Amino acid sequence: MSLVYVNGQMQPAQSAQVSARDRGFLLGDGLFETLVAYRGRILGLDQHLTRLQHGANVLGFDPPPAAELAAAARHTLAANGLQAQDAMLRLTVSRGAGPRGLLPPAQPTPTVVITAAPWAAAAPAAQTAISVPFRWDAASPLAGLKTLNYLPQILGRQAAHAAGATEGIFLNHAGHLVEGCASNLFWVSDGALFTPALACGPLPGVTRAFVLALAAGLQLPVVEGAFPRAQLLQAAEAFLTNSLIELAPLTWYDGQPIGRGEPGPLTRRLQAAFRTMITAGLP
Ligand SMILES: Cc1ncc(COP(=O)(O)O)c(C=O)c1O
């Protein structure tokens, strides 16, 4: 039976409950993280919790301390018997229950929900993408936060699927590439690795940061900046990253092949480096 952590208690998944007055449910007033545990060790746990804390600082509430959340995540893995295999975790922290209206209570009690499930980190399938048919607001205070407001990403992903693609790529109001609906974006041109700068509005992905570190270790030139859509169309190869897909080749964009329309050699090198990082001992 699958067990869910809710505010310090493990509850059966079918009957786990949070308050109907929870602001996460009513208003999207909260944050989440998706994490992967490789044989019981959670990759980038500190980085995920730091990102969550940063998001809470912007929203203006105090989540439980990182040590408590880390212990709760490990406890959820153990309670579900997932310590010896690869698993995914979803950590949701909302501002908690509150009265009617937008203004939160002065002393909110955050709600913490953690779910865990087996996850087979298989070699990810090649992805195809379209440009999302509306713009990403890089100036929004929510840009770069993993809040419970994922409606733009849901609409973008729905548009991608309706167009027969697996991912939607956001452009911001300046017409610069941002990221996928649930992934960061990288591409290769002239032997260098390119990715949109955080100022363009993407989530500061934990996997993105690992890939940048791996690229530095491989002495690959890396360029973070503001790039128009044409840069991706003209790239030699591209890939998407997130905690679940790790690095997934991106082979088509807006109906055109990227490079030869197949996973590229640099993508494969970085995928191999990522795998080595996992097997050699998690950061
Ligand atoms: C919008 C968005 N960008 C990027 C990412 C990648 O983040 P991470 O590598 O931390 O999983 C995600 C993760 O789901 C995401 O939702």
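What counts and how
- Residues numbered from 1 in each chain as written.
- Predicted model: local features only at pLDDT ≥ 70, side-chain atom pairs only at ≥ 80, totals over all residues.
- Heavy atoms only, no water.
- Buried < 20%, exposed > 50% of the residue type's maximum accessible area, 1.4 Å probe, protein only.
- Helix = DSSP H or I, 4+ residues; strand = E, 2+ residues; numbered from the N terminus.
- Pairing = 2+ DSSP bridges.
- Phe/Tyr/Trp six-rings, centres within 6.5 Å; stacked < 30°, edge-to-face > 60°.
- Domains from an automatic or database assignment.
- Contact = heavy atoms within 4.5 Å.
- Buried area = accessible area lost by both parts, 1.4 Å probe.
- Salt bridge = Lys/Arg side-chain N within 4 Å of Asp/Glu carboxyl O.
- Polar contact = N/O pair within 3.5 Å; in protein donor to acceptor, adjacent residues only side chain to side chain.
- Nonpolar A, V, L, I, M, F, W, Y, C, P; charged D, E, K, R; others polar.
- Near = heavy atom within 4 Å.
- Areas by Shrake-Rupley, 256 points an atom, 1.4 Å probe, with all protein chains shown as cover.
- Expected span 1.5 Å × (residues − 1).
- Arc of directions from axis to C-beta.
- Axes fitted to C-alpha atoms, helices over the stretch in contact; angles between N-to-C directions.

### Comments concerning the pairing of strand 7 (residues 127–131)
- Taken across its five residues, strand 7 has four buried, putting it largely inside the fold.
- Across three bridges, the pairing between strand 7 and strand 14 (residues 246–253) is parallel. Opposite Thr-128, over in strand 14, you have Trp-252 as the bridge partner.
- Summarising the sheet, strand 7 and strand 8 (residues 167–171) pair through three bridges and their orientation is parallel.

### Comments concerning the packing of aromatic side chains
- If you walk through the whole model with that rule in mind, you get seven aromatic pairs.
- Between Trp-187 and Phe-227 the ring centres are 5.3 Å apart and the planes differ by 85°, which places this aromatic pair in the edge-to-face class. Placement of the pair is Trp-187 in strand 10 (residues 184–189) and Phe-227 in the loop between strand 12 (222–225) and helix 6 (229–233), with a sequence separation of 40 residues.
- Trp-187 sits in the buried class, given a relative accessible area of 0%.
- On the numbers, 5.4 Å between centres and 80° between planes, the contact of Phe-194 with Phe-227 is edge-to-face. Residue Phe-194 is located in strand 11 (residues 192–196), and its partner Phe-227 is located in the loop between strand 12 and helix 6; the two are separated by 33 residues in the primary sequence.
- The buried category is assigned to Phe-227, whose relative accessible area is 10%.
- Members of the aromatic cluster, joined through ring pairs, are Phe-134, Trp-136 and Phe-170.

### Thoughts on the domain arrangement of the protein chain
- Assigned domains of the protein chain: these are domain 1 (3–118) and domain 2 (127–280).
- For domain 1 versus domain 2, the distance between C-alpha centres works out to 26 Å.
- Between domain 1 and domain 2, the residue contacts involve 24 residues of the former and 20 residues of the latter.
- Between domain 1 and domain 2 the total buried area reaches about 1700 Å² when both faces are included, carbon and sulfur atoms providing 73% of it.
- It is Phe-32, Tyr-38 and Arg-51 in domain 1 that bury the most area against domain 2; as a group they hold 36% of the surface buried on that side.
- Remark: the boundary between domain 1 and domain 2 carries zero salt bridges.
- Summed over the shared surface of domain 1 and domain 2, the result is six residue pairs in polar contact (both at pLDDT 80 or more).
- At the level of secondary structure, the elements contributing two or more residues to the side of domain 1 that touches domain 2 comprise helix 1 (23–27), strand 3 (30–38), helix 2 (45–59) and strand 5 (87–94).
- Considering only residue class, the side of domain 1 that touches domain 2 consists of nine nonpolar, eleven polar and four charged.

### Quick notes on the site of the ligand
- Around the ligand, the structure places 17 residues, and the nearest of them are Tyr-150, Glu-179, Val-206, Thr-207 and Ser-243.
- Note that an oxygen atom of the ligand is positioned 2.6 Å from one of the side-chain N or O atoms of Thr-207.
- Protein contact buries 96% of the 390 Å² of open area that the ligand shows by itself.
- Among the secondary structure elements, those contributing two or more residues to the shell around the ligand are helix 2, strand 9 (177–180), helix 5 (206–217) and strand 13 (237–242).
- For the shell around the ligand, the per-class residue count stands at five nonpolar, nine polar and three charged.

### Side note on helix 4 (residues 151–162)
- An ideal rise of 1.5 Å per residue puts 16 Å on twelve residues; helix 4 measures up with 16 Å between its terminal C-alpha atoms.
- Taken as a whole, helix 4 has its buried residues at Gln-153, Gly-156 and Ala-160. Taken around the axis of helix 4, the buried residues stretch over an arc of 65°, which confines them to a single face. Residues of helix 4 that are exposed and angled more than 90 degrees away from the buried face: Leu-151, His-161 and Ala-162.
- For helix 4, the secondary structure elements touched by its buried residues are strand 7 and strand 8.

### Details of the sheet that holds strand 1 (residues 3–6)
- The antiparallel open sheet is built from six strands, whose spatial order is 2-1-6-5-3-4. Of all the strands in the sheet, just strand 2 (9–12) and strand 4 (41–42) have a single pairing partner and so form its edges.
- Examined bridge by bridge, strand 5 and strand 6 (residues 111–118) share eight bridges and lie antiparallel to one another. Bridge assignment links Met-88 to a residue of strand 6, and that residue is Ala-117.
- With respect to the sheet, helix 2 is in contact with strand 3, strand 4 and strand 5, its orientation differing from that of strand 3 by roughly 180°.
- Sitting on the sheet, helix 3 (residues 66–79) is in contact with strand 1, strand 2, strand 3, strand 4, strand 5 and strand 6, with an inclination near 40° to strand 6.

### Things to note about the side chain of Arg-208
- As for its position among the elements, Arg-208 is in helix 5.
- The residues contacting Arg-208, other than those within four sequence positions of it, are Asn-184, Phe-186, Thr-195, Pro-196, Ala-197, Leu-198, Leu-203, Glu-224 and Thr-241.

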